Amino acid sequence: MSTASAGHGRMPPVEGGGSCGRRAVLGGLGLLGLLAALGGCSSPYASTRLTLATGGTQGVYFGLGNALADAWQRKLGLDVRPEVLATAGSVDNLRLLATGAVDVAFSQVDTAADQLLKSAPGDQRAPRALARIYDDAVHVVVRATSPVTTLAGLRGARVSIGAPDSGVYVIATRLLGLAGVSPDTDLQAEQLGINESVAAMESGAIDAFFWSGGVPTDGVSRLARTVPIRLLNLEDMITAVHTAYPAYASGTVPAATYGIPEPITTLLVRNFLLVPASMPDDLASALVEGLFDAQPELAVASPSALTIDPRAAIGTQPVPLHPGAERFFRALKNG
């Protein structure tokens, strides 16, 4: 278990006396600027231990999690690089966050909202958002030669609907339900994560798979280089989805992505970085500042990070922002 939730990451008061104290008082520097100015002074976060819950190793969460771990270690002066866990995805991540096994979790808005409803008032392990980071696009992947063009057309097919504890599984079952397709009786359904879904499509073990991730997702890009693929156009589902699940928005996957011949309409799902309500405010604020300061590095890990923007980052409803994150965004606005 990390020391972050125990409060070890709090910044001690900086007073005059030693050279570190005098230098820290000079100038109205932000936290990361302050750490740089202190030079040889020990970081107040040096002993903090953090663990991040991400997703499958071929997904965007995992790549961004590793880039964030590198950035946070360097920018916050951590002695030990944050641990990055490969997980089944959003549902698994929220469970780990609720049990105190991790300190930071990637999650989709729908599963985060579900977890929030399960949290008791005053629960210090309840999820709080650091920021909205980027939007996932729902992928329903089939071979380019497949005759299937709609969700209803998947009846009888071998379909991966996502790992059991993933946000993909939540979305897939909701979409199939609205399309009148039962995973139990109408499909030869498999519950596979992104790595296993890609491998099964390559080997011919499945006909289609659901995925929700940033565009492009590495695993899907690698698959498309060996097996020509298409994404199902979900335009016929948009109205029903908006009515039943307002958290989802509509969007587009551009032509040429994964080699697809034309743009397709799909669903967009907001992604958040979550922490427990118990995280100290100053540590939460430092993590958000580090997130935005590291955006160029994150964009190298995934083009999805190009859309990380302070103006959009506060849009985490219905999950409340952590007070430390609120403090960061308020200071940014007033600065």
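In this report, the structure presented in the accompanying data block is examined. (Residues numbered from 1 in each chain as written. Predicted model: local features only at pLDDT ≥ 70, side-chain atom pairs only at ≥ 80, totals over all residues. Heavy atoms only, no water.)

### Notes on the overall build of the protein
Regarding its fold elements, the protein presents 13 helices and 10 strands. Taken across its 335 residues, the protein has 53% of its residues classed as buried. Looking at the protein alone, contacts between residues at least 24 apart form 76% of all its contacts between residues at least 6 apart. Of the roughly 13800 Å² that the protein leaves accessible, carbon and sulfur atoms contribute 54%. (Helix = DSSP H or I, 4+ residues; strand = E, 2+ residues; numbered from the N terminus. Buried < 20%, exposed > 50% of the residue type's maximum accessible area, 1.4 Å probe, protein only. Contact = heavy atoms within 4.5 Å. Areas by Shrake-Rupley, 256 points an atom, 1.4 Å probe, with all protein chains shown as cover.)

### A word on the nonpolar core
Within the largest apolar cluster, 95 residues are counted, with the highest numbers of intra-cluster contacts made by L151, L154, F209 and F210. Of the residues forming this core, the biggest block, 10 residues, is contributed by strand β4 (residues 127–143). L151 has contacts with V140, L175, A179, V181, F210, L232, L234 and M237, leaving out every residue within four places of it along the chain. (Core = buried A, V, L, I, M, F, W, Y, C linked by side-chain atoms within 4.5 Å.)

### Description of the pairing of β4
Across the 17 residues that make up β4, a large majority, 13, are buried. As judged from the three bridges shared by β4 and strand β8 (residues 229–231), these two strands associate in the antiparallel manner. The residue of β8 that forms the bridge with V141 is L231. (Pairing = 2+ DSSP bridges.)

### Let's talk about the packing of aromatic side chains
Scanning all chains against the criterion turns up five aromatic pairs. Between F328 and F329, the ring centres sit 5.3 Å apart and the planes meet at 75°, which makes this aromatic pair edge-to-face. Each member of the pair, F328 together with F329, is buried. (Phe/Tyr/Trp six-rings, centres within 6.5 Å; stacked < 30°, edge-to-face > 60°.)

### Considering empty space enclosed by the protein
Scanning the entire structure with this criterion turns up one cavity of 30 Å³ or more. The calculated volume of the largest cavity comes to roughly 50 Å³. In terms of lining residues, the largest cavity is bounded by Q58, G59, V60, P216, D218, A301, S302 and P303. Split into classes, the residues belonging to the lining of the largest cavity amount to four nonpolar, three polar and one charged. (1 Å grid on protein atoms, 1.4 Å probe; cavity = no way out; pocket = protein on both sides within 12 Å on 5 of 7 lines; lining within 4 Å. Points joined across faces, edges and corners; volume = space filled by probe spheres on them. Nonpolar A, V, L, I, M, F, W, Y, C, P; charged D, E, K, R; others polar.)

### Observations regarding the side chain of T51
Turning to its location among the elements, T51 is positioned in strand β1 (residues 51–53). Given a relative accessible area of 10%, T51 falls into the buried group. Contacts of T51, omitting those with residues within four sequence positions, involve E83, L85, A101, V102, D103 and V104.

### Some thoughts on the pattern of salt bridges
Under the criterion given, the structure shown has nine salt bridges. Among the ionic pairs, R158 bridges to D207, the shortest N-O distance being 2.7 Å. Of this pair, R158 sits in strand β5 (residues 158–160) while D207 sits in the loop between α7 (194–203) and β7 (208–213), and the two are 49 residues apart along the sequence. Relative accessible area serves as the criterion here: at 27%, D207 is assigned to the partly exposed category. (Salt bridge = Lys/Arg side-chain N within 4 Å of Asp/Glu carboxyl O.)

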